[in-house]
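Descriptive structure summary
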Amino acid sequence: MTDWFTTSDGVRIAYHEVGAGDPAIVFIHGGFGNRTGFGFQEEYFSPNHRCVAVDLRGHGESDKPDEIYTMEGHGDDVAALIRHLGLEKPVLVGQSMGGQVIISAAARHPDLVGAIASLDSPSNIPGWHDRHHGPFDHLMTADQDYRETLRRFLMASYLPTDDPSRVGTIAERLAEVPDHVILNGWKGMMAFDAGPVLSAVRCPYLYIDCGQPHLDLDLLRELCPQVVIGKPVGAGHKALQDVPDQINAMLNRFIQHADGIAAEMIRTGGVFQYNFPKT
């Protein structure tokens, strides 16, 4: 069942929740998507965790004002949702662009966020979207066929092993998104500077990479030394749906041991080390 709350600037945000238990988990979708993509995660985690899935402003059943959709603004909306529901240090899980949202929320509202996990969110690494979104930027304007450009861009993030039924429906799913949301959403993503945001994140962080090219993971660790990195087998951008068993297992292990994992990452520089007894 859909519920709503209204932000301080009058935007109505849609969400739903299922299950009970702490820490709560808040699921945040990617760009031009909606909150319905976390069904496997809700089924897996709801017996032990309160699960909340939200439609970011401009998406799904939430209001769609004609404005630039910034990652900082989305992060503030997530913080407002946490306050609205009275959640105590929830875990934020963001897919794709949702990864930029969760690091923004964690950096801007550290008192509200317990831990974060991003899934296939390469734009969280400074410089990545300049390199990979940048060549498409001049085509993402109202006087170009920006929907076809976006479809081509999104197609590149899938692997041959991905479910073809999802890959083949990209154009149909984009057809449900208003023009101004696509253009303003793209501008917001291009304007995002991940470096200062990552440097301000202090909570435990799980970064799950699904095969994106040219990832500077050393830079990610330098900016966010508590990060732990995971990788599923045989799945691309829709790993949440294609290999939920792998994703759920990684998320569950992280949620249960987030503080200890973060401390170990800081101690070892990102590589687990055996503590052999001295001879």
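Read on for a plain summary of the structure. (Residues numbered from 1 in each chain as written. Predicted model: local features only at pLDDT ≥ 70, side-chain atom pairs only at ≥ 80, totals over all residues. Heavy atoms only, no water.)

As for the overall build of the chain
Keep this limit in mind: Counting from the N terminus, the helices are the DSSP runs of H or I reaching at least four residues and the strands are the DSSP runs of E reaching at least two. Every radius of gyration here is taken over C-alpha atoms, with the globule rule written as 2.2 Å times N^0.38, N being the number of residues. Burial classes: relative accessible area under 20% of the type maximum marks a residue as buried, over 50% as exposed, and values in between as partly exposed (1.4 Å probe, protein chains only). We call two residues in contact when some of their heavy atoms are within 4.5 Å. For the area figures, the Shrake-Rupley method with a 1.4 Å probe applies, and any residue is considered shielded solely by the protein chains shown. Note on charges: Lys and Arg go in the positive column, Asp and Glu in the negative column, and His and the chain ends are not counted at all. A charged residue contributes its charge at one atom only: NZ of Lys, CZ of Arg, CG of Asp or CD of Glu.
Looking only at helices and strands, one finds 14 helices and eight strands in the chain. By the compact-globule yardstick of 19 Å for 279 residues, the chain fits well, its C-alpha radius of gyration being 18 Å. Projected onto its principal axes, the C-alpha coordinates of the chain cover approximately 70 × 40 × 35 Å. Counting the 279 residues in the chain, one finds 53% classified as buried. Considering only intrachain contacts with a sequence separation of at least 6, the fraction spanning at least 24 residues in the chain is 70%. Carbon together with sulfur atoms contributes 53% to the accessible area of the chain, which is approximately 12400 Å² in total. Taking the 22 positively charged and 36 negatively charged side chains of the chain as two groups, their mean positions are separated by 4 Å.

Quick notes on the pairing of strand β1 (residues 3–6)
What counts here: By the convention used here, strands pair only if DSSP detects at least 2 bridges between them.
Where β1 lies against strand β2 (residues 12–18), four bridges are found, and the strand directions are antiparallel. Paired with D3 across the strands is Y15, a residue of β2.

A look at the sheet that holds strand β6 (residues 115–119)
To keep things clear, this is the line we draw: Lines fitted to C-alpha atoms define the axes, with helix axes restricted to the stretch in contact, and inter-axis angles between N-to-C directions lie between 0 and 180 degrees.
Judged by pairing direction, the sheet is mixed, and its eight strands sit side by side in the order β1-β2-β4-β3-β5-β6-β7-β8 without closing on themselves. Of all the strands in the sheet, just β1 and β8 (227–230) have a single pairing partner and so form its edges. On average, each strand axis in the sheet is tilted by 20° relative to the strand beside it, whichever way the strands run. With four bridges joining them, β2 and strand β4 (residues 51–54) adopt antiparallel strand pairing. Bridge assignment links H16 to a residue of β4, and that residue is A53. In this fold helix α3 (residues 97–108) packs onto β3 (25–28), β5 (91–95), β6 and β7 (205–208), with an angle of close to 150° to the strand it touches most, β5. Relative to the sheet, helix α13 (residues 244–256) contacts β3, β5, β6, β7 and β8, its axis offset from that of β7 by approximately 165°.

Remarks on the side chain of N124
Definition in use: Pairs of N or O atoms are called polar contacts if they sit within 3.5 Å, as long as, within protein, a hydrogen donor faces a hydrogen acceptor (for residues adjacent in sequence, only side-chain-to-side-chain pairs).
Assignment of secondary structure puts N124 in the loop between β6 and α4 (128–132). There is a polar contact of 2.7 Å between the side chain of N124 and the side chain of Q100. Apart from residues no more than four positions distant in its own chain, N124 is found in contact with G99, Q100, I103, S118, A194, L198, Y205 and Y207.

Details of helix α14 (residues 258–268)
Put simply, the rule reads: Directions are taken from the helix axis to each C-beta atom, and the arc is the one they span.
For α14, every residue scored as buried is listed here: A258, I261, A262, E264, M265 and T268. For α14, the angular spread of buried residues about the axis comes to 160°, placing them on one side. Among the exposed residues of α14, those oriented more than 90 degrees off its buried face are D259 and I266. As for α14, its buried residues are in contact with β6, β8 and α13. Just downstream of α14, G269 is the residue with a positive phi angle, here 70°.

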